[in-house]
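Chain residues, written in single-letter form:
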Amino acid sequence: MAYLNENYLKLKAGYLFPEIARRVKAFTEANPEAAKRLIRCGIGDVTEALPEAVRAAMHKAVDEMGDRSSFRGYGPEQGYDFLRNAIANNDYKARGIQVDADEIFISDGSKCDTGNILDIFGCGNKIAITDPVYPVYVDTNVMAGNTGEADDAGAYAGLHYLKCTPENGFVPEIPSEPVDLVYLCYPNNPTGATATRAQLEAWVKYAKANGTIILYDAAYEAFIQDPEVPRSIFEIEGARDCAIEFRSFSKNGGFTGVRCAIVVIPKGLMGKKKDGTTMAVHPLWSRRHSTKFNGVSYIVQRGAEAIYSEEGKAQVAALIEHYMGNAKLLVEACKNAGLQVFGGVNAPYVWVGCPAGVTSWQMFDKMLNEANVVITPGSGFGSAGEGFFRISAFNSRANVEEVCKRIAALQA
Ligand SMILES: *Cc1c(COP(=O)(O)O)cnc(C)c1O
């Protein structure tokens, strides 16, 4: 009989979203009338339709595939040049950032990329993650055998947790000891916080001094409104020597159901071998990507390319404006209700402090029962998330306006 990867048995049974679903189901069964007015502000999925420019480009690509003379089979695993060039020119060169097209890998999602990246790193690395955190970073390290067991609070032995609190603006302090890999995500899911240039400079300085690689998740960069806030880790001098960046079309282009994302690995980024010598990271990821992946569909890559057309840019800007308008309303409603509010300014998530003495799950139940609104309890993202809840701005305007009214009507 085949041995199993017992690292999977260390995983805390997918707790957060299944538990939310269980509580919502119980509520719906007990209150069928109230359930009809339920509004979901929980899961971070987009709600608005794909931009017209994207759809037109995908329709055209489908027709090309239907004609023998323009049909395409397997494409380059790393992605078509038309898309890699569009990304290099628009996301980087146009902003004065050095990233070459051949440092860009096209994939079917940042969730997979942030998990798969561990394939090219050896065992025994010291790994740091923020708390609260996007759970994928943690669970994929557990699966890869980079941790011990979880304690009662859900913290895994062997991981270095970096607390993110209102006091540090949800950007962790620089660790007092060296780590090999650190996951940073700004604008942040779940806190909606952004990192300033000075904060990212301090992280890059630390990484360069300690041989740390920063795994920078920029999935929400398109939501940044403040021109002073960096949109890429590569805006920071020296980051090309110490960072990998992940980007996705999921949240800006509404591609959560289409699937297309980006990994950027600078050619000069180095890792070390057991014998102490160094070598570049890029060829390993290139090999991994072309061995285990056969490329994103041509149709989808043409759709992603259209995001960089004039129409595409305008349509994406309108989507962002819609969601950030929602976020503004939610921030105001929570502030007016006397709640402590973070995020929602450069990110589509509003991170709200529970009233004194109320836990995240108690607040979840209160919002479900009294307001018939589903939110995400902060403690589901890590123990430092206790005492907070997340409201997603991914919704229709009508739903958000209704949620705001219900927040105003909540009993203290
Ligand atoms: C939504 C999200 C992504 C994007 O994931 P995809 O697999 O590209 O859809 C990446 N990181 C974070 C933190 C996210 O919330």
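In this numbering scheme, every chain counts its residues from 1 along its sequence in written order. For a predicted model such as this one, the threshold for reporting local features is a pLDDT of at least 70, and the threshold for listing and counting side-chain atom pairs is 80 or more; totals across whole chains, interfaces and linings nevertheless cover every residue. The basis for every side-chain value is the complete set of non-hydrogen atoms in the structure, without hydrogens or water.

1. A short note on the environment of Tyr298
Summarising the element assignment, Tyr298 is placed in helix α9 (residues 298-306). Each residue's exposure class comes from its accessible area (1.4 Å probe, protein chains only) as a fraction of the maximum for that residue type: buried when under 20%, exposed when over 50%, partly exposed otherwise. Given a relative accessible area of 3%, Tyr298 falls into the buried group. C-alpha separation for the pair Tyr298 and Ala61, spaced 237 residues apart in sequence, amounts to 7.3 Å. Ignoring anything within four residues of it in the chain, the contact list for Tyr298 reads Ala61, Glu64, Met65, Arg72, Tyr80 and Phe82. For the purposes of these results, a polar contact is taken to be a pair of N or O atoms within 3.5 Å, where, inside protein, one atom must be able to donate a hydrogen and its partner to accept one; residues adjacent in sequence count only when each atom of the pair is a side-chain atom. Of note is the side chain of Tyr298, whose polar atom sits 2.6 Å from the side chain of Glu64. Polar side-chain contacts of Tyr298 include one of 2.9 Å to the side chain of Arg302. By definition, any uninterrupted DSSP run of H or I lasting at least four residues is a helix, any uninterrupted run of E lasting at least two residues is a strand, and each is numbered from the N terminus. Whether two residues touch is decided by their heavy atoms; if any such pair falls within 4.5 Å, the residues are in contact.

2. Considerations on the side chain of Asp131
As for its position among the elements, Asp131 is in strand β3 (residues 127-131). Here Ala384 takes part through its backbone nitrogen, which lies 3.0 Å from a polar atom of the side chain of Asp131. The contact partners of Asp131, leaving out residues within four places of it in the chain, are Tyr161, Leu162, Lys163, Cys164, Phe381, Gly382, Ser383, Ala384 and Gly385.

3. Remarks on helix α10 (residues 310-336)
One turn of the α-helix equals 3.6 residues, which is why residues spaced by three or four share an orientation. Taking 1.5 Å as the rise per residue, α10 with 27 residues should run 39 Å; its terminal C-alpha atoms sit 39 Å apart, in good agreement. Phi turns positive, to about 85°, at Gly338, one or two residues after α10. Expected span of a helix, by definition, is 1.5 Å for each gap between consecutive residues, and there is one gap fewer than residues.

4. Observations concerning the UniProt feature "domain: Aminotransferase class I/classII large" (unreviewed entry) in the protein chain
According to UniProt, the feature "domain: Aminotransferase class I/classII large" (unreviewed entry) maps to residues 42-407 in the numbering used here. Across residues 42-407, the secondary structure splits into 34% helix and 16% strand, with the terminal C-alpha atoms separated by 15 Å. UniProt positions are given in the numbering used here, feature names are shortened, and annotations may be inferred rather than shown by experiment.

5. Here we look at the layout of surface pockets
In the cavity and pocket records, a cavity denotes points on a 1 Å grid over the protein atoms alone where a 1.4 Å probe fits but cannot get out, a pocket denotes an open set with protein on both sides within 12 Å along at least 5 of 7 lines, and lining residues are residues with an atom within 4 Å of a point. Grid points are joined across faces, edges and corners, and a volume is the space filled by probe spheres set on the points. Empty space within the second largest pocket amounts to approximately 610 Å³. Lining the second largest pocket are 25 residues, and of these Phe121, Asn125, Gly271, Lys272 and Lys273 lie nearest its centre. Breaking the lining of the second largest pocket down by element, the ones donating at least two residues are α7 (197-210), β9 (270-272) and β10 (278-280). Classifying every residue of the lining of the second largest pocket gives 12 nonpolar, 7 polar and 6 charged. For this scheme, ten residues count as nonpolar: Ala, Val, Leu, Ile, Met, Phe, Trp, Tyr, Cys and Pro. Four count as charged, namely Asp, Glu, Lys and Arg, and the remainder, Gly too, count as polar.

6. Here we look at helix α11 (residues 360-371)
Here α11 is 12 residues long and its end C-alpha atoms lie 15 Å apart, about the 16 Å a rise of 1.5 Å per residue gives. Residues Ser360, Trp361, Met363, Phe364, Lys366, Met367, Leu368 and Ala371 constitute the buried set of α11. Elements in contact with the buried residues of α11: α1 (16-30), β13 (373-374), β14 (376-377), β15 (388-392) and α12 (397-408). Following α11 by one or two positions, Asn372 adopts a phi angle in the positive range, close to 55°.

7. Re the domain arrangement of the protein chain
All domain edges in this entry derive from an automatic or database-based domain assignment. What the domain assignment reports for the protein chain is domain 1 (13-49 + 312-410) and domain 2 (54-308). When each unit is reduced to the centre of its C-alpha atoms, the spacing between domain 1 and domain 2 is 26 Å. Each partner contributes to the interface: domain 1 provides 27 residues, whereas domain 2 provides 32 residues. When domain 1 packs against domain 2, the two sides together hide about 2400 Å² of surface, and 64% of this comes from carbon and sulfur. Each reported salt bridge corresponds to a side-chain nitrogen of Lys or Arg within 4 Å of a carboxyl oxygen of Asp or Glu. Where domain 1 meets domain 2, there are 0 salt bridges. For the pair domain 1 and domain 2, the interface holds 10 residue pairs in polar contact (both at pLDDT 80 or more). Elements with a minimum of two residues in the side of domain 1 that touches domain 2: α10, β11 (341-343), β12 (349-353) and β15. Split into classes, the residues belonging to the side of domain 1 that touches domain 2 amount to 16 nonpolar, 8 polar and 3 charged. Computed with a 1.4 Å rolling probe, the buried area is the accessible surface lost when two parts are put together, summed over both parts.

8. With respect to the sheet that holds β15
Pairing within the open sheet is antiparallel, and its 4 strands lie in the order β11-β12-β15-β14. Looking at which strands have only one partner, the edges of the open sheet turn out to be β11 and β14. The pairing criterion is simple: DSSP has to find at least two bridges between the two strands. Taken together, the 2 bridges between β14 and β15 define a ladder with antiparallel strand orientation. Within the sheet, the bridge partner assigned to Pro377 lies in β15 and is Phe389.

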